[in-house]
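Inside the fold
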Amino acid sequence: MKQDRHPIDFDTAGSAEMGVLALVLGLHGPLVGFLMLKSGATLVTTMAALLLPVAVIYPLLWLLWRPWSSRWPFEPLQEDAEVRTLQSLAGFNNCVRLATDRYGVHATLTRPFRWMSGEPFSIPWSEIEWQPQGSFGRITRSHKAIVGGRSLMLPGWVHEAAQQQPSWGSRSA
């Protein structure tokens, strides 16, 4: 089993995550602002350019992530959970931490997205209906599932973890 983090630390920020955030907030904003102002941009234009990522990301969180977190509240991970970082889910690429255990699939976003209301969630295995894997899924090593009537692409290792569950035969693809 590949374990990127201990289950207890599932929804806490890691040192690399906080380091990148500090670098972005500490250097990117002032540097871009300085360069824009130096090249003749107005203060209003500069502030708009710096706030644009937040203005784009916040609605995306509400459209892509919030439906999952509002329907399935986060459940604490069990001690034997398998945790992996830098995963992709629901349109958020390489900024999701996923875990699987006997309960189901747990997902949380990296810290900056959490600050913008991207709450973690846990989907029980009983809610996941796996679909047959197509050629795209074989290339990307992902597996399609229907969860609450919505389509969700999950990494292949999550599908493998689901196969280890006692009730696998009743909802397999």
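Residues numbered from 1 in each chain as written. Predicted model: local features only at pLDDT ≥ 70, side-chain atom pairs only at ≥ 80, totals over all residues. Heavy atoms only, no water.

**Topic: helix α2 (residues 43-71)**
Defined as follows: In this text, helices come from DSSP runs of H or I with a minimum length of four residues, and strands from runs of E with a minimum of two, each type numbered from the N-terminal end. In this scheme, a helix's expected span is set at 1.5 Å multiplied by one less than its residue total. One fitted axis covers the seven residues ending at a residue, a second covers the seven starting there, and the bend at that residue is the angle between these axes. Exposed residues in this analysis have more than 50% of their type's maximum accessible area, buried residues have under 20%, and partly exposed residues fall in between, with area computed by a 1.4 Å probe over protein chains only.
With 29 residues, α2 extends 41 Å between its outermost C-alpha atoms, agreeing within 8% with the 42 Å of an ideal straight helix rising 1.5 Å per residue. In α2, a bend of some 55° at W65 exceeds every other bend along the element, and P67, a proline, comes one to four places later. Within α2 the residues assigned to the buried category are T46, L61, W65, W68 and S69.

**Section: the confidence of the model for the protein chain**
The cut-off we apply is this: Think of pLDDT as the predictor's per-residue confidence, scored from 0 to 100.
Counting all residues, the mean pLDDT for the protein chain is 82, and 84% of those residues have values of 70 or more. Here helix α4 (residues 135-140) stands out as the element of the protein chain with the lowest mean pLDDT, 74, in contrast to strand β4 (residues 121-124), whose mean of 95 is the highest.

**Focus on the sheet that holds strand β2 (residues 92-100)**
Here is the rule: When DSSP locates at least two bridges between a pair of strands, those strands are taken to pair. Angles run from 0 to 180 degrees between N-to-C directions of axes, and those axes are lines fitted to C-alpha atoms, restricted for helices to the stretch in contact. Here a residue-residue contact requires only that any non-hydrogen atoms of the pair lie within 4.5 Å.
Spatial ordering of the open sheet is given by β1-β2-β3-β4, a layout of 4 strands whose pairing is antiparallel. Unpaired on one side and paired on the other, β1 (82-89) and β4 mark the two borders of the sheet. When strand polarity is set aside, the average angle formed by the axes of neighbouring strands in this sheet is 30°. Bridge analysis of β1 against β2 gives 5 bridges, and the strand direction is antiparallel. Residue pairing across strands places R84 opposite L98, the latter belonging to β2. Contacts from α2 reach β1, β2, β3 (104-109) and β4, with the element oriented near 10° to β2.

**Topic: the sheet that holds strand β7 (residues 150-155)**
The strand order β5-β6-β7 describes an open sheet built from 3 strands, whose pairing is antiparallel. Each having just a single partner strand, β5 (128-130) and β7 make up the two edges of the open sheet. The average undirected angle you get between the axes of adjacent strands in this sheet is 40°. Two strands pair when backbone bridges link them, and strand β6 (residues 142-147) and β7 are joined in this way by 6 bridges, in the antiparallel orientation. If you follow K144 over to β7, its bridge partner there is M153. Packed on one face of the sheet, α2 meets β6 and β7 and runs near 90° to β7. Each of β5, β6 and β7 touches helix α5 (residues 156-163); the most contacted strand, β7, lies at about 95° to it.

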